[in-house]
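# Residue-level structural notes
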Amino acid sequence: MKKVVLAFSGGLDTSVCIKLLEEKYDMEVVTACVDVGQPEDEIERPASAADKIGVSKHYTIDAKDEFAEDFIFKAIKANALYEGYPLSTALARPLIAMKIVELAKKEGADAIAHGCTGKGNDQFRFEAMIRSKSNADIIAPIRDLNLTRTEEVKYAKDHGIPLASDKLYSIDENIWGRSIEGDILEDPMVETPEEAFSWTNSTEDAPDEAQVLEIKFENGVPVALDNEEMKPLDIIGKCNEIAGKHGVGRIDIIEDRIIGLKSRENYEVPGAILLITAHKALEQLTLTRSELKFAAYISEIYSELVYDGLWHDPLREDLDSAVDNMQRRVTGTVRVKLHKGNMRILGRESPYSIYSEEAVSFEDKGIDQREMTGMVKNYGMQAATYNKICKKD
């Protein structure tokens, strides 16, 4: 009997996949859950579900620190925002796929399976990375058998497969963000109910008293909060807690999926919004005008690569090299104020600041204003010529 490793979350799709792989594909199933910062019960549930369904082996793979240091921190340096929101689910997928490939090689598996449907983004993200790292066959039972959610539920009940819960929404969560979609949220005119949120307070429930926080960066990544040095994972978790408490980090967006569908998504990304906003404020102080324009361009391309499941593309590595070089000067401290769903930059300082208070002052004579006359006179020369020749009355 051939062996398959299934990326397993314990949800409906992947739970049904276990029995489908056994019955329809005649395979021995090994399941694996990769921990990238899900809640503890989301790590324990897959192990319990795998045991109840009866797989040959189940693995829980701890990848939280690797996710924080090698993926999230790269995303912070690149200000990775896709259509306006910080990438969280997309950012974790390549790491999960890599860990599944490693396990498949260890187990001597013939194939790797996932529970993605044919409408979402994850099928691209998983399979692109798997094929770049392995020659194993890839099986996607839900997509390949063209199953609907109703058919999956019936199959699960017929085969005694325990269902995780009667959740109203489809939720994906890791340490960098929480995505919420499906059910009534598929109607873009329906306001997202308060019950859908878990990480963030509403503006009404957020504390009346504002909080001021100082974030220290070195080479473009956060290293301390209020002068307390912390590990990457701890900084991210603390920023999620602080920003979420003050109602920062809720995003409701109609995004463009890889296959061309528009999808209504809600995201809770409090720590990501806090850290990327502070990071961009520090860049404004330390990078030149042309570098900032280039950084914005890099951010767009970088984010699309991640969203499209192309983390392994050499262009992403090229962009990382350019970003790392610029980020050597993005070192300093940013002071932020959080209050009732808002965050405001109060101040920033850096030993690499190219801001000159003396030069910009109206009282300074270091720059002789008279020397600007010739520069201003010839400024916009082509535009002026165009108007005189082409727009004559």
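Chains are numbered independently. Their residues run from 1 in the order of the written sequence. In keeping with the model being predicted, local features are shown solely for residues with a pLDDT of at least 70 and side-chain atom pairs are shown and tallied solely at 80 or more, while totals for entire chains, interfaces and linings include all residues. Note that water and hydrogens are dropped before the side-chain values are worked out from all heavy atoms of the structure.

### Here's the deal with the pattern of salt bridges
Which entries qualify depends on this criterion: A pair is scored as a salt bridge if a Lys or Arg side-chain nitrogen falls within 4 Å of a carboxyl oxygen belonging to Asp or Glu.
For the structure on display, the rule yields 30 salt bridges. Members of the salt-bridge network, linked through shared partners, are Arg93, Asp122, Arg125 and Asp172.

### Remarks on the side chain of Thr331
The line we're drawing: A helix here means a DSSP run of H or I that spans at least four residues, while a strand means a run of E at least two residues long, and both kinds are numbered starting from the N terminus. Type-normalised accessible area, obtained with a 1.4 Å probe on protein chains alone, sets the label of each residue: buried when under 20%, exposed when over 50%, and partly exposed for intermediate values. Pairs of N or O atoms are called polar contacts if they sit within 3.5 Å, as long as, within protein, a hydrogen donor faces a hydrogen acceptor (for residues adjacent in sequence, only side-chain-to-side-chain pairs). Pairs of residues are marked as contacts when any of their non-hydrogen atoms sit within 4.5 Å.
With respect to the helices and strands, Thr331 occurs in the loop between α11 (314-327) and β15 (332-339). Taking relative accessible area as the criterion, Thr331 reaches 15% and is therefore assigned buried. In this structure the side chain of Thr331 is engaged in a polar contact, spanning 2.9 Å, whose partner is the backbone nitrogen of Asn219. With residues up to four places along the chain from it excluded, the contact list for Thr331 reads Phe217, Glu218, Asn219, Leu282, Glu349, Ser350, Pro351 and Tyr352.

### Overview of the sheet that holds strand β12 (residues 228-229)
Note the following rule: The rule for pairing is simple: two strands pair if DSSP sees at least two bridges between them. The angle between two axes is taken between their N-to-C directions and runs from 0 to 180 degrees, where each axis is a line fitted to C-alpha atoms and a helix contributes only its stretch in contact.
Spatial ordering of the open sheet is given by β12-β11-β10-β15-β16, a layout of five strands whose pairing is antiparallel. Both edges of this open sheet fall to β12 and β16 (342-349), since each of them pairs with a single strand only. Sheet analysis places strand β10 (residues 211-218) next to strand β11 (residues 221-225), joined by four bridges and oriented antiparallel. Considered in β11, the bridge of Glu218 is made with Val221. Of the strands in this sheet, β10, β11, β15 and β16 touch helix α9 (residues 270-286), which is tilted by about 35° from β16.

### Quick notes on the nonpolar core
Keep this limit in mind: By nonpolar core is meant a set of buried Ala, Val, Leu, Ile, Met, Phe, Trp, Tyr and Cys residues that side-chain atoms within 4.5 Å join together.
Residues Phe67, Ile72, Leu91 and Trp176 are the most contacted members of the largest nonpolar core, which totals 81 residues. Top element by residues in this core is helix α4 (residues 89-107). It accounts for 11 residues. Setting aside its immediate chain neighbours within four residues, Leu91 contacts Phe67, Phe71, Ile72, Ala75, Trp176, Val306 and Trp311. Counting 22 residues, the second-largest nonpolar core is a separate cluster that includes Leu20, Ile53, Ile142 and Ala156.

### Notes on the packing of helix α1 (residues 12-23) against helix α7 (residues 149-158)
Worth spelling out the cut-off: We call a crossing left-handed when the near helix sits turned anticlockwise from the far one by less than a right angle, and right-handed when that turn is clockwise. All residues other than Ala, Val, Leu, Ile, Met, Phe, Trp, Tyr, Cys, Pro, Asp, Glu, Lys and Arg, Gly among them, are scored as polar; the first ten of these are nonpolar and the last four charged.
The geometry of α1 relative to α7 is characterised by a closest axis approach of 10 Å and an angle of 65° between their N-to-C directions. α7 is crossed by α1, and the crossing has left-handed handedness. Here α1 contributes Leu12, Asp13, Val16, Lys19, Leu20 and Glu23 to the contact with α7, which in turn contributes Arg149, Glu152, Val153, Tyr155 and Ala156. A class-by-class count of the residues in the contact of α1 with α7 yields six nonpolar, no polar and five charged.

### Quick look at unusual backbone geometry
The backbone of Glu83 shows a phi angle near 50°, a positive value even though the residue is not glycine. Position of Glu83 among the secondary structure elements: in the loop between β4 (81-82) and β5 (85-86). One non-glycine residue, Asn227, lies in the positive phi region at around 70°. Residue position: Asn227 is located in the loop between β11 and β12.

### A word on α9
Put simply, the rule is: Expected helix span is computed as 1.5 Å times (number of residues minus one).
Its 17 residues place the ends of α9 25 Å apart at the C-alpha level, agreeing with the 24 Å of an ideal helix rising 1.5 Å per residue. Across the 17 residues that make up α9, a large majority, 13, are buried.

### Observations concerning the UniProt feature "binding site: L-aspartate" (unreviewed entry) in the protein chain
We count it as follows: UniProt positions are given in the numbering used here, feature names are shortened, and annotations may be inferred rather than shown by experiment.
Per the UniProt record, "binding site: L-aspartate" (unreviewed entry) is annotated on Thr117, Asn121 and Asp122. Apart from the residues lying within four places of it in its own chain, the contact partners of Asn121 are Glu255, Arg257, Ile258 and Tyr307. In contact with Asp122, not counting residues within four places along its chain, are Thr89, Arg93 and Cys116.

### Describing the UniProt feature "domain: Arginosuccinate synthase-like N-terminal" (unreviewed entry) in the protein chain
Under the present numbering, the feature "domain: Arginosuccinate synthase-like N-terminal" (unreviewed entry) in UniProt falls on residues 3-162. What you have in residues 3-162 is 53% helix and 19% strand, and the ends, taken at the C-alpha atoms, are 23 Å apart.

### Considering the sheet that holds strand β14 (residues 262-268)
One open sheet holds the four strands; their spatial order is β8-β9-β14-β13, and the pairing between them is antiparallel. Whereas interior strands pair on both sides, the edge strands pair on one side only; in this sheet they are β8 (170-174) and β13 (250-256). On average, adjacent strands in this sheet sit at an angle of 25° to one another, irrespective of strand direction. Strand direction decides the pairing type here: β13 and β14, joined by seven bridges, are antiparallel. Paired with Arg250 across the two strands is Glu268, which belongs to β14.

### Comments concerning the packing of aromatic side chains
To keep it simple, the criterion reads: Stacked, tilted and edge-to-face are the three classes applied to pairs of Phe, Tyr and Trp rings, where Trp contributes its six-membered ring and a pair requires centres within 6.5 Å; stacked means planes under 30 degrees apart, edge-to-face means over 60, and tilted covers the rest.
Taken as a whole and assessed by the stated rule, the structure comprises six aromatic pairs. Ring centres of Phe71 and Trp311 lie 4.5 Å apart, and the angle between their planes is 25°; this geometry places the pair in the stacked category. One end of the pair, Phe71, is in helix α3 (residues 64-77); the other, Trp311, is in the loop between α10 (289-307) and α11, and 240 residues separate them in sequence. Note on accessibility: Phe71 and Trp311 belong to one class, buried. On the numbers, 3.7 Å between centres and 10° between planes, the contact of Tyr82 with Tyr307 is stacked. On the criterion of sequence distance, the pair formed by Tyr82 in strand β4 and Tyr307 in helix α10 is long-range, its members being 225 residues apart. The exposure class of Tyr82 is buried, given its relative accessible area of 9%. Take Tyr307: its relative accessible area is 1%, and that puts it in the buried class. Grouped by ring-pair contacts, the aromatic residues Phe67, Phe71, Tyr302 and Trp311 constitute a single cluster.

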